[in-house]
Amino acid sequence: MSDVKDIALSEKGKKKIDWAWQFMPVLQSLQKEFNEEKPLKGLRIGACLHVTTETANLMRVLKAGGAQVSLCASNPLSTQDDTAASLVHDFDVEVFAINGEDRDVYYQHLNQVLDFKPQITMDDGADLVSLLHQERPEQLDEVMGSSEETTTGVIRLKAMANEGKLRIPVVAVNDSATKYMFDNRYGTGQSTIDGILRATNKLLAGSVFVVCGYGWCGRGIAMRAKGMGAIVTVCEVDSIRALEAAMDGFSVNCLSKAISQADVVVTSTGNKHVVDEEHFTQAKDAVILANAGHFDVEINKVALERLSKRVIEVRDGVTLYELKDGKKIYLLTEGRLVNLAAAAGHPAEVMDMSFANQALAAKYFIDHQGKLEGKVYRLPQEIDDDIARLKLKAMGIEIDKLTAEQEKYLKSWREGT
Ligand code: ADE
């Protein structure tokens with residue numbers, strides 16, 4: 001059983017999945033290994049991820065490992081309906097995801113994945129784990145573990161662990177260096193700019209571009225906006241990150257001051273109401289607001305609606321909020337992840353490494369069955385190193401090796417000035 005928009009879209013979806021596959025060499029080598037060793041044989045995996053071509057290729061690898069997979073969307077606006085159709089038609093994956101689904105259908109789909117009684121879950125934002133703990137705790141004993149894709153999800157899961165509420169082991173895929181340094185920075189950097197441009201077709205050169213949050217994602221967005229010729233200001237609450245942004249060459253300011261000059265404001269903080277009522281009133285006419293953080297709470301939409309006399313969609317994914325004094329504020333993709341709702345998400349080259357971590361996290365749960373507790377774990381450093389090595393090899397890049405003399409030197413302390 002599945003619930004997708006239109007199974008007839010599968011042919012188009014299959015071509016797009018195959019397009020992405022050629023740029024995912026690490027997943028290709030894992031597919032080969034999984035095909036031979038079948039480490040996930042007979043296992044039921046329930047995944048709540050953005051239903052994209054890259055995710056489809058992760059599903060392909062899990063299937064090669066012998067798993068049965070049930071997939072739902074981790075965001076109501078990120079599903080690629082043709083990809084969803086192809087997963088059902090060509091890859092024997094159960095999918096519950098329709099682009100534009102409302103909140104009720106979104107949760108109905110999560111519940112349908114849990115009806116499949118998964119033994120391992122995969123999350124992007126921790127909605128599946130949260131639902132399991134809050135509404136279906138009787139299933140927790142059957143779950144070996146869950147892997148989490150994103151910063152926001154890891155923060156939620158660590159909060160659960162700190163309160164002593166997390167009842168299953170979790171692998172924070174996001175905490176692998178081969179994930180956050182590449183997916184969060186270069187993936188979010190490129191795809192966020194892509195989403196803003198697809199939605200608006202605005203020129204970035206010479207525009208004033210404000211980035212809220214200078215974590216790995218914010219760094220990527222700021223770097224790429226600068227590369228397109230925008231004049232970039234960073235807003236941060238953390239002193240060290242703010243200092244880093246300043247020394248990376250960005251102007252740093254508080255949002256209440258920066259917003260009056262901004263042409264574009266992008267949030268990427270993981271927090272709520274970062275752009276709030278006071279900012280809407282101070283903003284320049286025709287400012288464009290977009291969010292690249294996981295949830296749609298970073299821009300206070302309720303306050304924006306309350307301050308507006310008119311709200312209309314003026315282009316696909318662009319909503320005009322006309323304030324009572326006539327000022328125009330444009331909100332992209334309802335304040336949801338602009339890179340997935342207005343563009344196609346991160347490119348395959350970085351998702352290759354993120355999803356290699358996901359596939360290996362599933363294997364990790366099998367290999368460590370019964371040995372893990374209700375905590376948040378990182379994958380071992382060797383796995384991170386292996387993924388990096390495979391990626392470098394696929395990119396045709398050779399690196400140096402330490403000589404025996406150098407290895408010895410690094411372990412010694414006697415030799416000095
Ligand atoms: N998150 C960001 N980009 C993504 C993509 N292309 N596929 C799945 N999850 C993503």
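Refer to the structure above for everything that follows.
For clarity, every value in this text was computed on a predicted model and none was experimentally measured. (Residues numbered from 1 in each chain as written. Predicted model: local features only at pLDDT ≥ 70, side-chain atom pairs only at ≥ 80, totals over all residues. Heavy atoms only, no water.)

(A) Local environment of the sheet that holds strand 7 (residues 208–212). Reading across from one edge, 9-8-7-10-11-14-13-12 is the order of the 8 strands in this open sheet, with mixed pairing throughout. Of all the strands in the sheet, just strand 9 (251–252) and strand 12 (308–315) have a single pairing partner and so form its edges. As paired strands, strand 13 (residues 318–323) and strand 14 (residues 328–332) are joined by 5 bridges and run antiparallel to one another. Looking at the pairing, Val318 lines up with Leu332 of strand 14. Contacts between helix 9 (residues 216–227) and the sheet are confined to strand 7, strand 8 (231–235) and strand 10 (264–267), with strand 7 contributing the most and set at about 170° to the helix. (Pairing = 2+ DSSP bridges. Helix = DSSP H or I, 4+ residues; strand = E, 2+ residues; numbered from the N terminus. Contact = heavy atoms within 4.5 Å. Axes fitted to C-alpha atoms, helices over the stretch in contact; angles between N-to-C directions.)

(B) Just the site of the ligand, in detail. As a matter of local geometry, the ligand sits amid His50, Thr52, Glu54, Thr55, Leu340, Ala344, Gly345, His346, Met351 and Phe355. Take Thr52: an N or O atom from its side chain is 2.7 Å from a nitrogen atom of the ligand. The side chain of Glu54 places a nitrogen or oxygen atom 2.9 Å from a nitrogen atom of the ligand. Contact with the protein chains covers 95% of the free accessible surface of the ligand, which is 260 Å². Taking a 2 Å distance to the grid points as the criterion, the majority of the atoms of the ligand fall inside the largest pocket. For the shell around the ligand, the secondary-structure elements that each account for two or more residues are helix 3 (53–64) and helix 15 (348–367). (Near = heavy atom within 4 Å. Polar contact = N/O pair within 3.5 Å; in protein donor to acceptor, adjacent residues only side chain to side chain. Areas by Shrake-Rupley, 256 points an atom, 1.4 Å probe, with all protein chains shown as cover. 1 Å grid on protein atoms, 1.4 Å probe; cavity = no way out; pocket = protein on both sides within 12 Å on 5 of 7 lines; lining within 4 Å. Sits in = over half its atoms within 2 Å of the grid points.)

(C) Broad picture of the packing of helix 15 against helix 16 (residues 381–394). It is at 11 Å that the axes of helix 15 and helix 16 come closest, and there the two elements cross at 145°. You can see that helix 15 and helix 16 cross each other, and the crossing is right-handed. Of the residues in helix 16, those touching helix 15 at Glu349, Asp352, Met353, Ala356, Asn357 and Leu360 are Ile383, Asp384, Ile387 and Lys391. Split into classes, the residues belonging to the contact of helix 15 with helix 16 amount to 5 nonpolar, 1 polar and 4 charged. (Left-handed = near helix turned anticlockwise from the far one by under 90°. Nonpolar A, V, L, I, M, F, W, Y, C, P; charged D, E, K, R; others polar.)

(D) Representation of unusual backbone geometry in the model. With phi around 45°, Lys38 is a residue other than glycine that occupies positive phi space. Within the secondary structure layout, Lys38 lies in the loop between helix 2 (25–37) and strand 1 (44–48). On the accessibility criterion, Lys38 (32% relative accessible area) is partly exposed. Not every positive phi belongs to a glycine, and Lys117 is a case in point at roughly 55°. With respect to the element layout, Lys117 can be found in the loop between helix 5 (103–115) and strand 4 (120–123). (Buried < 20%, exposed > 50% of the residue type's maximum accessible area, 1.4 Å probe, protein only.)

(E) Structural context of the nonpolar core. Residues Ile45, Met59, Leu62, Leu71 and Leu87 are the most contacted members of the largest nonpolar core, which totals 52 residues. If one sorts the elements of this core by residue count, helix 15 sits on top with 11 residues. With residues near it in sequence (within four places) discarded, Leu87 still touches Val51, Ala56, Met59, Leu71, Asp92, Val93 and Val95. Counting 26 residues, the second-largest nonpolar core is a separate cluster that includes Ile193, Phe250, Ile288 and Val318. (Core = buried A, V, L, I, M, F, W, Y, C linked by side-chain atoms within 4.5 Å.)

(F) Summary view of the packing of aromatic side chains. Applying the stated criterion to the full structure yields 5 aromatic pairs. Between Trp19 and Phe23 the ring centres are 5.2 Å apart and the planes differ by 75°, which places this aromatic pair in the edge-to-face class. On the numbers, 6.0 Å between centres and 70° between planes, the contact of Tyr214 with Phe250 is edge-to-face. Residue Tyr214 is located in the loop between strand 7 and helix 9, and its partner Phe250 is located in the loop between helix 10 (239–247) and strand 9; the two are separated by 36 residues in the primary sequence. As far as the burial class goes, Tyr214 and Phe250 line up, both buried. For Arg219, the ring lying beneath its charged end belongs to Trp216, and the centroid distance is 4.5 Å. (Phe/Tyr/Trp six-rings, centres within 6.5 Å; stacked < 30°, edge-to-face > 60°. Lys NZ or Arg CZ within 6 Å of the ring centre and 35° of its normal.)

(G) Layout of the sheet that holds strand 15 (residues 376–377). Pairing within the open sheet is parallel, and its 7 strands lie in the order 3-2-1-4-5-6-15. Strand pairing shows two members of the sheet lacking a second neighbour, strand 3 (94–96) and strand 15, which therefore form its edges. The sheet contact formed by strand 1 and strand 2 (residues 68–72) spans 5 bridges and is parallel. Looking across to strand 2, one finds that Ile45 is bridged to Val69. The sheet strands contacting helix 6 (residues 127–135) are strand 1, strand 4 and strand 5 (145–148), and the helix crosses strand 4 at an angle near 130°.

What is shown is where atoms sit, not what they do.
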